[in-house]
Amino acid sequence: MGAGDALAEVVRDEGTRVLATLARVTGDLTLAEDAAQDAVVRALETWPRDGVPDNPRAWLLVTAKRRAIDVIRREARRPGKEAEAVMFTEAECDPPGVVHDDLLRLVFTCCHPCLGTEAQVALALRTLGGLSTAEVARGLMVPEATMAKRLTRAKQKIAKARIPYRVPAADELPARLDGVATTVYLIFNEGYAAGSGADLVRGALTSEAVRLSRLLAELMPDEPTVLGLLALLLLQDARRDARVDDDGRPVLLKDQDRARWDRPAIKEGVELVGRALRRTPDHPNTYAAQAAIAACHALAPSYADTPWDAVISWYDVLLGIREIPVVRLNRAVAVAERDGPDAALALVDAIGDLDAYPWWHATRGELLHRAGRSEAARAAYERALTLGMSEPQVEHLRRRIAALP
Amino acid sequence: MPTYVALTYTRDVDWTSPEYGQEMKDYNEFGQAAAAVMRGGNALYPTTTATTVRVSGGKGGDIVTSDGPYTETKEALTGFYLLECADLDEAVKYAAQIPAAWDGAVEVRPVIEF
């Protein structure tokens, strides 16, 4: 990262904090975003020339508040006393505890359950992540005008329906936190599914999700859901460079060059999953359990040395939290490695309700292939191909069919 | 404080029929529980009594009426409440206590204050 990137990073981080404070002071997310954006642009213009001020956040806050007051006066859309309230706080710089709470409020407002999932994802990237509308639109493969409309509508709902700018009370916090984690995980998956080769813009969403979950872990360092989420994202993202070959084709876990995995990310992820699990040893959350599985893979020196017993136990934990057919399918794949294809086939066939899921058929095909039942394997692979898979996945299955005797 | 309208969508019911006595009681209980925020509301006659009014050809044009509700759906608009609440979280909390919430759905919308 060059000096310019580092500066941009500081501006972006501090810009979000300034926006969070302004949203509280003005009670208007749109105005706060406009003012914070203006301050960020000015900082990026002047800091490289004049040097970074001693207190970057105070500089940004003062600049943003001036802008907010200008806008309020120009539009005269508010009684004077609110403009005064903004001015009144101009001189002071809020203590860290207040900034912390402002950011938390912003997190829970952007991920409020009364907003649609698409709106939450867009707000998390735009408002919390500080991406431009154009960047969010490209990342989510939506026309920019559509994204602008989606963001405007979401902010309008927050303002008009009065979605509160507040950290949820203790009794609602677990459910609300799950909602926040789901939104960040969705963003990660958008990027993860795109891969890192072909589509860099979408792939960058994984970094954005890691960044957002880091922010959550900074704000709520004692919440196991947040620790588990960050651990999971780091461990998944650590394999980014090894997941595609030089031609952009996906490389299966089994065939990945483990030297290309990001070791510092793995180390951090493993430590975090340990912290998350120690906090709730009796009832780990779904992210921590998934992170534990990812950690088993990340720490294995080779695919053959994967601790399959541990992987299978963690799948059992995960199924204990919530019974999900796809998790049972993944568990069966781990069982195949430990006990052979026949034992796994019995488990896969017992799942039953995944007939429309191409990976159920593809997995059956693979297991039948290994069990030496070529004709049944071919039929299962062919069935998977009729159910709509991505181009690289189709290519992979065709290679597997060609490898049948 | 903003006012919210909570529109109740349920089976198309005739509140005046004794058959719905128990349900009316449930709604009255809600009315008492929400007295602090209640600013109005009414139960409506069934959709068979509804008339949809349109004016064709712009303002001042012909009045065209049709028998029945504006939209024919499985669940009908059967009543509404006006609730004055601090924010959407509070409005949702009250809306969740309206019997329609488990007998259909409740749509919560902020009211424009002119």
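Residues numbered from 1 in each chain as written. Chains lettered and ligands numbered in written order. Predicted model: local features only at pLDDT ≥ 70, side-chain atom pairs only at ≥ 80, totals over all residues.

Observations concerning the domain arrangement of chain A
Residue and element names in this part refer to chain A.
Piece 1. Here chain A is partitioned into domain 1 (1-94), domain 2 (96-218), domain 3 (221-322) and domain 4 (333-405).
Piece 2. Relative to domain 4, the C-alpha centre of domain 3 lies at a distance of 24 Å.
Piece 3. Counting from both sides, the interface comprises 8 residues of domain 3 and, opposite them, 7 residues of domain 4. (Domains from an automatic or database assignment. Contact = placed C-beta atoms within 7 Å.)

Comments concerning unusual backbone geometry
Residues and elements named next belong to chain A.
Piece 1. With a phi close to 55°, Met141 is a non-glycine residue in the positive phi region.
Piece 2. Phi at Arg162 takes a positive value of approximately 60°, unusual for a residue other than glycine.
Piece 3. Note on placement: Arg162 falls in the loop between helix 8 (144-160) and helix 9 (173-194).
Piece 4. A count of 20 C-beta atoms within 10 Å places Arg162 in the buried class. (Helix = DSSP H or I, 4+ residues; strand = E, 2+ residues; numbered from the N terminus. Buried ≥ 20, exposed ≤ 12 C-beta atoms within 10 Å, placed from the backbone.)

Quick notes on the pairing of strand 5 (residues 76-84) of chain B
Residues and elements named next belong to chain B.
Piece 1. Here 8 bridges tie strand 1 (residues 3-10) to strand 5, and the two strands are oriented antiparallel to one another. Paired with Ala6 across the two strands is Tyr81, which belongs to strand 5.
Piece 2. Bridge count for strand 2 (residues 38-43) against strand 5 is 5 bridges, and the pairing is antiparallel. Its bridge partner lying in strand 5, Asn42 is registered against Phe80. (Pairing = 2+ DSSP bridges.)

Some words on the packing of helix 15 (residues 325-339) of chain A against helix 17 (residues 358-370) of chain A
All names here are of chain A.
Piece 1. Where helix 15 contacts helix 17, the two axes come as close as 11 Å, and the packing angle between them is 10°. On the basis of their axis angle, the class for helix 15 and helix 17 is roughly parallel. Facing Leu329, Val333 and Ala336 of helix 15, the residues of helix 17 in contact are Trp359, Trp360, Thr363 and Leu367. (Axes fitted to C-alpha atoms, helices over the stretch in contact; angles between N-to-C directions. Parallel < 35°, antiparallel > 145°, perpendicular 65-115°, else oblique.)

Section: helix 17 of chain A
Residues and elements named next belong to chain A.
Piece 1. Over its 13 residues, helix 17 extends 18 Å from the first C-alpha to the last, a length consistent with the 18 Å expected when each residue adds 1.5 Å.
Piece 2. Taking burial as the measure, the 13 residues of helix 17 include 10 buried ones, the bulk of the element.
Piece 3. Turning to helix 17, its buried residues number three or more, namely Trp360, His361, Ala362, Thr363, Arg364, Gly365, Glu366, Leu367, Leu368 and His369.
Piece 4. Tucked into the core, helix 17 has its buried residues touching helix 15, helix 16 (341-351), helix 18 (374-385) and helix 19 (391-402).
Piece 5. Directly beyond the C-terminal end of helix 17, a positive phi value near 80° is found at Gly372. (Expected span 1.5 Å × (residues − 1).)

Some thoughts on the sheet that holds strand 1 of chain B
All names here are of chain B.
Piece 1. Spatially, the 4 strands line up as an open sheet ordered 2-5-1-6, and their pairing is antiparallel. Each edge of the open sheet is held by one strand with a lone partner, namely strand 2 and strand 6 (104-110). Direction aside, neighbouring strands of the sheet carry axes that sit 20° apart on average.
Piece 2. Both strand 1 and strand 6 contribute to a ladder of 7 bridges, which runs antiparallel. In the strand pairing of strand 6, Ala6 is matched with Val108.

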